[in-house]
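Each chain is listed here by its residues.
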Amino acid sequence: MGLRLYDIMKSPSLTAVKKKYQPEDMLADEERADGILPRVCYGFSKRGELVCIEGISKATPFAPPSPPVAAYATEEGFFYYGEDKSLYRLTSLGFSAIKSFASAPRCAAVNTETNKRRPLFFDGADWLLFDNAATAREGIPALFACTHYERLFVWDGEKLRFSSPADPFGWTQGTQEAGIVYLPSSLGEVVALVSMNERLYLLRERGATIFRAFGDNRNFKAIEVQFPSEGVVGKTACCVGERLFFFASSGLYAFDGDSVSLVKGTSFSAEEASFADGRYFASGTLNGEKCIFSYAVKEGRGTILHLNAKALSPFGFCEGDRWLKIVEGEGDQPLERVWDSGLTLFSSSSARKMLRKLSIEGEGDVSLQIYTERGKRAYSASLPDLFQTSLRGRRFGVRIVAHGQAKIQWLEVKFLDY
């Protein structure tokens, strides 16, 4: 028979340990070397306490007729491209198919002859202008396209082409008409084309080519800026005020046209991104799990939301068969908020411990799981509460799931070290 609890408590080799963790000890921070660092933390933020943030709401009640691949929020409404290779437009009656494309088209806003700003869809071969109706237009091969001043600029993978002034479909070359510019670079392939702050940016794998293009062809010129990180993900490039946000191999960056700054270093692997309502959000993976990285720009606050999202746009994103958008607070479909420490030593290297009690000071309803390599305990409670566990092990984990709004002010563990 093993030692009884009474014998263990009386043993002279036992040491009673009490540790109290404040919210700043409980938030994920890759630079911290101590404290109780969570393996998972999403839907929580620190505002004096650890509080619930970020919910979701329905962007539209209509389900997509075909699983989405890409989405586009334009001045002519919301469009998406499905796995059935059709482009759909959202109407008051639901989604209506417009045209088939061989692959997911890109979208650029252009000024038409009627002086209206309309969405132009292109897939490298076919061009479609949505001007009250879907009108096929004769185009040129294009990987990326962007309106800058009065011209449409197109990158075809080899050279930058620009249209005649005030005519996005005029490609006849002339002194002050359309033209071609070759922009060889050692900074890698072009991954995005963006107009911002009176300049045109060819975002590349390791930097950017900055192209100044006004009305006169003779005034065109280009310079290059190398970025401190490689692996720029073109689909994450978004204009955020007067800065260009994008993900690269070592995290989220902001580029003001002159210098690049690291906004958030993270191991999050981004795939695509969008910006809406003061929030930059990107879909991707973290530790092998599909999720959304949401960054509130004004507050400088990043949050991980565990959703398998795709087809991001300022309109929202698709998750399963739902079109959703991120909102402050709970929204009409609250997300599960989870904080999980993973297995931790509680800063004690002892081979054997007994976790006797865990206290959580706060407000709201939570589910709690306390676990070791050998077992676990599960509880439901309204905070504040004290949990008697008597779990043995070397490493322990704590998982807190908030139901609705909740606030955690501190967490305290009491264990025997022997």
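The structure presented is a predicted model; accordingly, all values stated were derived computationally and were not measured. (Residues numbered from 1 in each chain as written. Predicted model: local features only at pLDDT ≥ 70, side-chain atom pairs only at ≥ 80, totals over all residues. Heavy atoms only, no water.)

Draft legend 1. Seen up close, the overall build of the protein. Helix and strand counts for the protein come out as 2 helices and 36 strands. Its C-alpha atoms put the protein at 95 × 50 × 35 Å along the principal axes. Considering the protein as a whole, with its 418 residues, one finds that 50% of them fall into the buried category. Residue pairs at least 24 apart in sequence account for 52% of intrachain contacts in the protein once pairs closer than 6 positions are excluded. Of the roughly 19300 Å² that the protein leaves accessible, carbon and sulfur atoms contribute 46%. Measuring between centres, the 51 positive side-chain charges of the protein sit 8 Å from its 51 negative side-chain charges. (Helix = DSSP H or I, 4+ residues; strand = E, 2+ residues; numbered from the N terminus. Buried < 20%, exposed > 50% of the residue type's maximum accessible area, 1.4 Å probe, protein only. Contact = heavy atoms within 4.5 Å. Areas by Shrake-Rupley, 256 points an atom, 1.4 Å probe, with all protein chains shown as cover. Lys, Arg positive; Asp, Glu negative; His and termini not counted. Charge placed at Lys NZ, Arg CZ, Asp CG, Glu CD.)

Draft legend 2. Structural detail: the layout of surface pockets. In this structure, the largest pocket encloses a volume near 1600 Å³. Residue lining of the largest pocket: 44 residues in total, with Tyr 72, Cys 107, Ala 108, Ala 237 and Pro 314 positioned closest to the centre. Secondary structure elements with two or more residues in the lining of the largest pocket: β6 (68-74), β10 (106-111), β11 (117-122), β14 (144-148), β18 (190-196), β22 (238-240), β26 (269-276) and β30 (309-313). The dominant element in the lining of the largest pocket, judged by the number of residues it contributes, is β6, at 6 residues. When the residues that make up the lining of the largest pocket are grouped by side-chain class, the tally is 27 nonpolar, 8 polar and 9 charged. (1 Å grid on protein atoms, 1.4 Å probe; cavity = no way out; pocket = protein on both sides within 12 Å on 5 of 7 lines; lining within 4 Å. Points joined across faces, edges and corners; volume = space filled by probe spheres on them. Nonpolar A, V, L, I, M, F, W, Y, C, P; charged D, E, K, R; others polar.)

Draft legend 3. Representation of the environment of Asp 131 in the model. Considering the arrangement of structural elements, one finds Asp 131 in the loop between β12 (127-130) and β13 (134-137). Residues Asp 131 and Leu 187 lie 56 residues apart in sequence; the distance between their C-alpha atoms is 37 Å. Not counting chain neighbours up to four residues away, the residues in contact with Asp 131 comprise Thr 112, Thr 114 and Arg 118. At a separation of 2.8 Å, a polar atom in the side chain of Asp 131 contacts the side chain of Arg 118. (Polar contact = N/O pair within 3.5 Å; in protein donor to acceptor, adjacent residues only side chain to side chain.)

Draft legend 4. Main features of the pattern of salt bridges. Taken as a whole and judged by the stated rule, the model has 9 salt bridges. The partner of Glu 271 in a salt bridge is Lys 290, and the shortest N-O contact between them spans 3.1 Å. On the criterion of sequence distance, the pair formed by Glu 271 in strand β26 and Lys 290 in strand β28 (residues 289-296) is long-range, its members being 19 residues apart. A salt bridge links Glu 319 to Arg 322, with the nearest nitrogen and oxygen atoms 2.4 Å apart. Take Arg 322: its relative accessible area is 26%, and that puts it in the partly exposed class. (Salt bridge = Lys/Arg side-chain N within 4 Å of Asp/Glu carboxyl O.)

Draft legend 5. Layout of the packing of aromatic side chains. Scanning all chains against the criterion turns up 28 aromatic pairs. Aromatic side chains Trp 127 and Trp 171 sit 6.4 Å apart centroid to centroid with 80 degrees between the ring planes, which places their arrangement in the edge-to-face category. In this pair, Trp 127 sits in strand β12 while Trp 171 sits in the loop between β16 (160-162) and β17 (179-181), placing the two residues 44 residues apart along the sequence. Trp 127 sits in the buried class, given a relative accessible area of 2%. Ring plane angle 20 degrees and centroid distance 5.1 Å describe the contact between Phe 227 and Phe 246, whose orientation is recorded as stacked. (Phe/Tyr/Trp six-rings, centres within 6.5 Å; stacked < 30°, edge-to-face > 60°.)

Draft legend 6. Local environment of unusual backbone geometry. A cis amide bond links Leu 383 to the next residue, Pro 384, at an omega of 0 degrees. Its location among the elements puts Pro 384 in strand β35 (residues 376-393). Positive phi values are uncommon outside glycine, yet Ala 166 reaches one of about 60 degrees. Considering the arrangement of structural elements, one finds Ala 166 in the loop between β16 and β17. When its relative accessible area of 55% is taken as the criterion, Ala 166 is described as exposed. Despite not being glycine, Asn 197 shows a phi value in the positive range, around 50 degrees. Residue position: Asn 197 is located in the loop between β18 and β19 (199-204). Residue class for Asn 197 comes out partly exposed when judged on its relative accessible area of 34%.

Draft legend 7. Quick peek at the sheet that holds β17. Read from one edge of the open sheet, 4 strands run β14-β15-β16-β17, paired in antiparallel fashion. Every interior strand has two partners, whereas the edge strands, β14 and β17, have only one. The mean angle between the axes of side-by-side strands here comes to 20 degrees, regardless of whether they run parallel or antiparallel. In the sheet, β14 pairs with strand β15 (residues 151-155) via 5 bridges, with the strands oriented antiparallel. Residue pairing across strands places His 148 opposite Arg 151, the latter belonging to β15. (Pairing = 2+ DSSP bridges. Axes fitted to C-alpha atoms, helices over the stretch in contact; angles between N-to-C directions.)

Draft legend 8. Quick look at the state of the cysteines. Taken as a whole and judged by the stated rule, the model has 0 disulfides. Counting only cysteine sulfurs, Cys 239 is the nearest neighbor of Cys 238, a cysteine outside any disulfide, at a range of 7.9 Å. (Disulfide = S-S within 2.5 Å.)

Draft legend 9. Representation of the pairing of β13 in the model. Direction of pairing for β12 relative to β13: antiparallel, over a ladder of 4 bridges. Residue pairing for β13: Leu 128 is matched across the bridge by Ala 136.

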